[in-house]
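Read off the chains here:
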Amino acid sequence: MKLQGNNLSLRFNGSDILNNVDITVDAGDFVGLIGPNGAGKTSLLRILANLQQPDSGTIRLDNNNLSSINRKQLAQTLGYLEQGAPAHWPLQVRRLVELGRLPYLSPWGQLSGKDKAIVDNAMAQAEVEHLSERIISTLSGGERLRVLIARMFATEPNIVLADEPIAALDPYHQLHTMELFREHCDRGGSAVVVMHDLNMAARFCDRLVLLNQGEVACEGSVATVLTEDNLASVYGIYAQLDQQSTAGITVIPTGRIPH
Ligand SMILES: Nc1ncnc2c1ncn2[C@@H]1O[C@H](COP(=O)(O)OP(=O)(O)OP(=O)(O)O)[C@@H](O)[C@H]1O
């Protein structure tokens, strides 16, 4: 599926949060959405997820306007992981992951054997089966995040939109989570993932979109976007780039540029 946002603009209290942003996500694409704090990444992701209406611009899913697609179909197609992975109710972990099947159930419908197998699989993929009986509010931040990743994948969405999914994870689970997104895209799905870890973005993403002050400062391949000039002008840092690293391009921030 193809998700395409054109000329997206958003204003809050008279300030431009997003200004004529274009973004295209094709089937199989793993897009890293990067940029400094306050650049507009979460705002853009929420617009793509149909959780926030832009002040202007259009979003199309396979050439259909997002607003013309029924909510159930949209809920089956778009998976969204909120920043900070909040859990609003003290639910048992397994029940929470089962909520990922809601977009497929009729009102008061029960989970089928197939639904339960998909939930089992999502929990196994995210390595959270051992937490199954726990109450979500008693989990650590990283554990809760992995449960919410399981819930997102339990929906079997075609397009996943994840806001800083690895920020609270240890290195093992960072790699594991990035591999889950990568595998999802290699199976023909697609992902837009907001990240501050430029090295992980460089290693796993096909393309990067660099936002700065609500505008796309640069987009394209990792090598196109992660340049010393872009890191200086957008992040305000000096950085060494290692192009020969076995992990792809690695970025070593070496200092702040005084402003
Ligand atoms: N409801 C709101 N009212 C007013 N301003 C808002 C609102 N939501 C976001 N903003 C502002 O919009 C700008 C972009 O916010 P956004 O959360 O999209 O940034 P971000 O790139 O995701 O940042 P971070 O990396 O810190 O998470 C920020 O300056 C923020 O303060």
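Up top you'll find the structure we're talking about.
This one's a predicted model, so the numbers in the text were calculated from it and none came from an experiment. (Residues numbered from 1 in each chain as written. Predicted model: local features only at pLDDT ≥ 70, side-chain atom pairs only at ≥ 80, totals over all residues. Heavy atoms only, no water.)

Caption draft 1: Region of the structure containing the site of the ligand. The ligand sits among 13 residues. The nearest are Gly-38, Gly-40, Lys-41, Thr-42 and Ser-43. Between the ligand and Thr-42, the relevant distance is 2.9 Å, taken from an oxygen atom to a side-chain nitrogen or oxygen of the residue. Protein chains shield 60% of the accessible area of the ligand, which is 650 Å² for the free molecule. In terms of residue count, the dominant contributor to the shell around the ligand is helix H1 (residues 41-48) (three residues). Broken down by class, the residue content of the shell around the ligand amounts to four nonpolar, seven polar and two charged. (Near = heavy atom within 4 Å. Polar contact = N/O pair within 3.5 Å; in protein donor to acceptor, adjacent residues only side chain to side chain. Areas by Shrake-Rupley, 256 points an atom, 1.4 Å probe, with all protein chains shown as cover. Helix = DSSP H or I, 4+ residues; strand = E, 2+ residues; numbered from the N terminus. Nonpolar A, V, L, I, M, F, W, Y, C, P; charged D, E, K, R; others polar.)

Caption draft 2: Highlighting the side chain of Glu-164. Here Glu-164 shows up in the loop between strand S7 (159-163) and helix H6 (171-186). Buried within the structure, Glu-164 lacks any salt-bridge partner; Lys-41 is the closest side chain of opposite charge, at an N-O distance of 5.5 Å. Beyond its immediate chain neighbours, meaning those up to four positions away, Glu-164 contacts Gln-83, Val-194 and His-196. (Buried < 20%, exposed > 50% of the residue type's maximum accessible area, 1.4 Å probe, protein only. Lys, Arg positive; Asp, Glu negative; His and termini not counted. Salt bridge = Lys/Arg side-chain N within 4 Å of Asp/Glu carboxyl O. Contact = heavy atoms within 4.5 Å.)

Caption draft 3: View of the pattern of salt bridges. Counting across every chain of the model gives 10 salt bridges. The salt bridge involving Arg-94 is made with Asp-120; its shortest N-O contact spans 2.6 Å. Within this pair, whereas Arg-94 is found in helix H3 (residues 93-98), its partner Asp-120 is found in helix H4 (residues 113-125), the two being separated by 26 residues in sequence. A salt bridge links Arg-182 to Asp-186, with the nearest nitrogen and oxygen atoms 3.0 Å apart.

Caption draft 4: Highlighting the sheet that holds strand S3 (residues 30-34). The sheet built from six strands is open, its strands ordered S6-S7-S8-S3-S9-S10 with mixed pairing. A strand with exactly one partner marks an edge of an open sheet, and here the two such strands are strand S6 (78-81) and strand S10 (215-220). Strand-to-strand, the axes of this sheet are offset by a mean angle of 15°, without reference to chain direction. Bridge analysis of S6 against S7 gives four bridges, and the strand direction is parallel. Within S7, the position partnered with Gly-79 by the bridge is Val-160. Strand contacts of helix H9 (residues 228-235): S3, strand S9 (207-212) and S10, with the helix running at about 30° to S9, the strand carrying the most contacts. (Pairing = 2+ DSSP bridges. Axes fitted to C-alpha atoms, helices over the stretch in contact; angles between N-to-C directions.)

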